[in-house]
Amino acid sequence: MSANLRVLFSAEQIAARVAELGREIRAAHPDQTLTVICVLKGSSLFMADLVRAIPGDVRLEFLGVASYHGGTSSSGAVQITQDLRASIEGQACLIVEDIVDTGLTMDYLLRTLAVRGPRSLRVVSLLDKPGNREIEVAVDYVGFTIPDEFVVGYGLDLGELYRNLPYVAVYVP
Ligand code: 5GP
């Protein structure tokens with residue numbers, strides 16, 4: 001399995017960056033209960049670590065989205081497969097994404113959630129691939145900026161595999 005993987009960010013590098021992001025995010029939302037919206041499934045590991053690095057009150061919400069369908073290139077279509085269980089009206093919200101690639105998924109999520117009347121709506125993405133952007137989206141916090149390569153691990157999959165790797169690696173077919 002690991003023959004096709006080139007480690008990009010180790011577990012230690014990820015942990016250090018997540019700790020910084022947690023402090024930065026809390027500093028931008030002082031004294032607010034933050035509604036953290038995990039975009040399933042890819043950002044689940046990142047979200048679990050990130051919320052433990054954000055001091056103070058947070059709520060957890062989960063949003064199921066399908067944009068890739070088991071391959072290494074985007075279908076371009078975005079679909080909500082599991083909606084939030086609670087209203088986000090009047091709440092300070094943070095969308096947690098694993099990676100922003102073309103930007104189509106995040107653009108769709110921002111438009112979909114903004115109309116629900118949150119007090120604020122910010123975005124954190126563990127990874128950013130700006131070289132492949134098809135639509136401009138505002139990503140408020142980025143863990144790491146990467147070149148246009150397909151990555152797996154730390155929640156990111158290829159055909160549902162590799163999500164459990166503690167590091168992020170480039171998948172070399
Ligand atoms: P976008 O809509 O920005 O093109 O893509 C967003 C989604 O595509 C991400 O949430 C992720 O599920 C998937 N994706 C984009 N690039 C990669 C990648 O390099 N590796 C993996 N595993 N998924 C990716």
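For clarity, every value in this text was computed on a predicted model and none was experimentally measured. (Residues numbered from 1 in each chain as written. Predicted model: local features only at pLDDT ≥ 70, side-chain atom pairs only at ≥ 80, totals over all residues. Heavy atoms only, no water.)

Draft legend 1. Spatial organisation of the overall build of the chain. Along the backbone of the chain there are 3 helices and 9 strands. Counting from the amino terminus, helix and strand elements in the chain follow one another as β-α-β-α-β-β-β-α-β-β-β-β. Relative to the compact-globule value of 16 Å for 173 residues, the chain shows a C-alpha radius of gyration of 15 Å, a close match. Projected onto its principal axes, the C-alpha coordinates of the chain cover approximately 45 × 35 × 25 Å. By the burial criterion, 48% of the 173 residues in the chain qualify as buried. Of the accessible surface of the chain, which amounts to about 8300 Å², a share of 50% is contributed by carbon and sulfur atoms. (Helix = DSSP H or I, 4+ residues; strand = E, 2+ residues; numbered from the N terminus. Rg over C-alpha atoms; globule rule 2.2 N^0.38 Å. Buried < 20%, exposed > 50% of the residue type's maximum accessible area, 1.4 Å probe, protein only. Areas by Shrake-Rupley, 256 points an atom, 1.4 Å probe, with all protein chains shown as cover.)

Draft legend 2. Quick look at the pairing of strand S3 (residues 58-66). Here strand S2 (residues 34-40) pairs with S3 via 7 bridges, running parallel. Paired with Leu-40 across the strands is Gly-64, a residue of S3. Note on the crossover from S2 through helix H2 (residues 44-52) to S3: the handedness is right-handed. Sheet topology places S3 next to strand S4 (residues 79-82); 3 bridges connect them, and they run antiparallel. (Pairing = 2+ DSSP bridges. Right-handed = clockwise from strand over helix to strand, strands pointing away.)

Draft legend 3. Representation of helix H1 (residues 11-28) within the structure. Between its terminal C-alpha atoms H1 stretches 26 Å, which fits the 26 Å expected from 18 residues at 1.5 Å a residue. Of all the residues in H1, the buried ones are Ile-14, Arg-17, Val-18, Leu-21, Gly-22, Ile-25 and Arg-26. Summarising the axial view, the buried residues of H1 lie within an arc of 165 degrees, below the 170-degree limit, and thus occupy one face. Away from its buried face by more than 90 degrees, H1 exposes Glu-12, Arg-23 and Ala-27. (Expected span 1.5 Å × (residues − 1). Arc of directions from axis to C-beta.)

Draft legend 4. Here's a closer look at the site of the ligand. Around the ligand, a shell composed of 17 residues is seen, among which Asp-98, Thr-102, Thr-105, Val-151 and Asp-157 lie nearest. Here Thr-102 contributes a side-chain N or O atom positioned 2.5 Å from an oxygen atom of the ligand. The contact in question runs from a nitrogen atom of the ligand to an N or O atom on the backbone of Asp-157, over 2.7 Å. Contact with the protein chains covers 93% of the free accessible surface of the ligand, which is 510 Å². Every element with two or more residues in the shell around the ligand is listed here: strand S5 (92-100) and helix H3 (104-114). With 4 residues, S5 is the largest single contributor of residues to the shell around the ligand. Considering only residue class, the shell around the ligand consists of 7 nonpolar, 4 polar and 6 charged. (Near = heavy atom within 4 Å. Polar contact = N/O pair within 3.5 Å; in protein donor to acceptor, adjacent residues only side chain to side chain. Nonpolar A, V, L, I, M, F, W, Y, C, P; charged D, E, K, R; others polar.)

Draft legend 5. Quick look at the packing of aromatic side chains. This structure, assessed with the given rule, holds 2 aromatic pairs. Consider the rings of Phe-9 and Phe-144, whose centres lie 3.9 Å apart with planes at 15 degrees: the pair is stacked. Residue Phe-9 is located in strand S1 (residues 5-9), and its partner Phe-144 is located in strand S7 (residues 141-145); the two are separated by 135 residues in the primary sequence. The buried category is assigned to Phe-144, whose relative accessible area is 14%. A ring pair is formed by Tyr-162 and Tyr-171, whose centres lie 5.8 Å apart and whose planes are at 55 degrees; its orientation type is tilted. (Phe/Tyr/Trp six-rings, centres within 6.5 Å; stacked < 30°, edge-to-face > 60°.)

Draft legend 6. Fine view of the environment of Asp-107. Relative to the assigned elements, Asp-107 resides in helix H3. Apart from residues no more than four positions distant in its own chain, Asp-107 is found in contact with Ile-135 and Val-137. (Contact = heavy atoms within 4.5 Å.)

Draft legend 7. Examining the sheet that holds S1 more closely. One open sheet accounts for 3 strands, arranged S1-S9-S8; its pairing is antiparallel. Bordering the open sheet on either side are S1 and strand S8 (151-152), each of which pairs with just one other strand. Two elements, S8 and strand S9 (residues 168-171), share 2 bridges in a ladder whose sense is antiparallel. Paired with Val-151 across the bridge in S9 is Val-170.

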